[in-house]
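Chain residues, written in single-letter form:
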Amino acid sequence: MKVTSSSDNFVFLLFSLCMPCDTEYDNDNNETFLSILREVSDLSESSGVDFVVCGGDFNCDLKRVRSFHTQTLLSFIDNEHFEFTSRMPASQNVCFTYESKANNSRSVSLMQ
């Protein structure tokens, strides 16, 4: 969804993603994950916007360093110059879309 701010006159692209489940063994699953990220990249470059926001369910736990999705997502973030909103200065005020008190996990959004 392409959105224009009427007060600040900037345009941003908003993605709501539901990625395939994380895995340490299924390369086909990782190809689907990577294909979605490539589409985000292509649309981001061709849209001529000021900001890109990716939210949704990435189905990726960054603590699982051997996971295909973790490696793929971190590479995408580095190559596309995205940032985790939780690492931005205002992250103290970020409302997470999902938080599990049972396993202390949270979902985060990405922003470029």
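Preceding this section is the structure that the text describes.
Criteria and cut-off values
- The written sequence of each chain sets the order in which its residues are numbered from 1.
- The predicted nature of this model means local features are confined to residues of pLDDT at least 70 and side-chain atom pairs, given and counted, to a pLDDT of 80 or more, with totals for whole chains, interfaces and linings taken over all residues.
- Hydrogens and water molecules were not included; the side-chain quantities draw on all heavy atoms of the structure.
- As a rule, the C-alpha atoms of each element are fitted with a line to give its axis, helices using only the stretch in contact, and angles between N-to-C directions run from 0 to 180 degrees.
- A run of H or I in DSSP becomes a helix once it reaches four residues, and a run of E becomes a strand once it reaches two; helices and strands are each numbered from the N terminus.
- Roughly parallel means an angle under 35 degrees; roughly antiparallel means over 145; roughly perpendicular covers 65 to 115; every other angle is labelled oblique.
- In this scheme the handedness of a crossing depends on how the near helix is turned from the far one: anticlockwise by less than a right angle means left-handed, clockwise means right-handed.
- Should any heavy atoms of two residues lie within 4.5 Å, those residues are counted as being in contact.
- Whether two aromatic rings pair depends on their centres lying within 6.5 Å, for rings of Phe, Tyr and Trp, where Trp uses its six-membered ring; planes under 30 degrees apart make the pair stacked, over 60 edge-to-face, and the rest tilted.
- Only protein chains enter the area calculation, which uses a 1.4 Å probe; residues under 20% of their type maximum are buried, those over 50% are exposed, and those in between are partly exposed.
- Salt bridge, as used here: a side-chain nitrogen of Lys or Arg that lies within 4 Å of a carboxyl oxygen of Asp or Glu.
- One less than the residue count of a helix, multiplied by 1.5 Å, gives the span that helix is expected to have.
- Distance and chemistry together define a polar contact, namely a pair of N or O atoms within 3.5 Å, with one atom able to donate a hydrogen and the other to accept it when in protein, and with adjacent residues in sequence counting only for side-chain atoms on both sides.

What follows is about the packing of helix 1 (residues 27-47) against helix 2 (residues 68-80). Contact geometry of helix 1 with helix 2 gives a least axis separation of 10 Å together with a crossing angle of 15°. As far as their axial angle goes, helix 2 and helix 1 are roughly parallel. Crossing geometry of helix 1 relative to helix 2 is assigned as right-handed. Between helix 1 and helix 2, the contacting residues are Asn 27, Asn 29, Asn 30, Phe 33, Leu 34, Leu 37, Val 40, Ser 41 and Glu 45 on the first element and Phe 68, His 69, Thr 72, Leu 73, Phe 76 and Glu 80 on the second.

Taken as a whole and assessed by the stated rule, the structure comprises three aromatic pairs. Ring centres 6.1 Å apart and planes at 35° place the aromatic pair Phe 10 and Phe 12 in the tilted group. Aromatic pair Phe 76 and Phe 82: ring centres 5.2 Å apart, planes at 35°, arrangement tilted. For Phe 76, a relative accessible area of 8% gives the class buried. What makes Phe 82 buried here is its relative accessible area of 5%. An aromatic cluster is defined as three or more aromatic residues linked by ring pairs; in this entry it consists of Phe 10, Phe 12 and Phe 51.

Let's shift gears to the pattern of salt bridges. As enumerated under the stated definition, the model contains one salt bridge in all. In this structure, the salt-bridge partner of Arg 64 is Asp 22, at a minimum N-O distance of 3.3 Å. A residue pair is termed long-range when its members are at least 10 positions apart, and Arg 64 in the loop between strand 3 (51-57) and helix 2 and Asp 22 in the loop between strand 2 (11-18) and helix 1 qualify at 42 residues. Residue class for Arg 64 comes out partly exposed when judged on its relative accessible area of 31%. Asp 22 sits in the buried class, given a relative accessible area of 17%.

Glancing now at helix 2. Between its terminal C-alpha atoms helix 2 stretches 18 Å, which fits the 18 Å expected from 13 residues at 1.5 Å a residue. Buried residues of helix 2: His 69, Thr 70, Thr 72, Leu 73, Phe 76, Ile 77 and Glu 80, and no others. The backbone nitrogen of His 69 lies 3.1 Å from a side-chain oxygen of the residue at the head of helix 2, namely Ser 67. Following helix 2 by one or two positions, His 81 has its phi on the positive side, about 60°.

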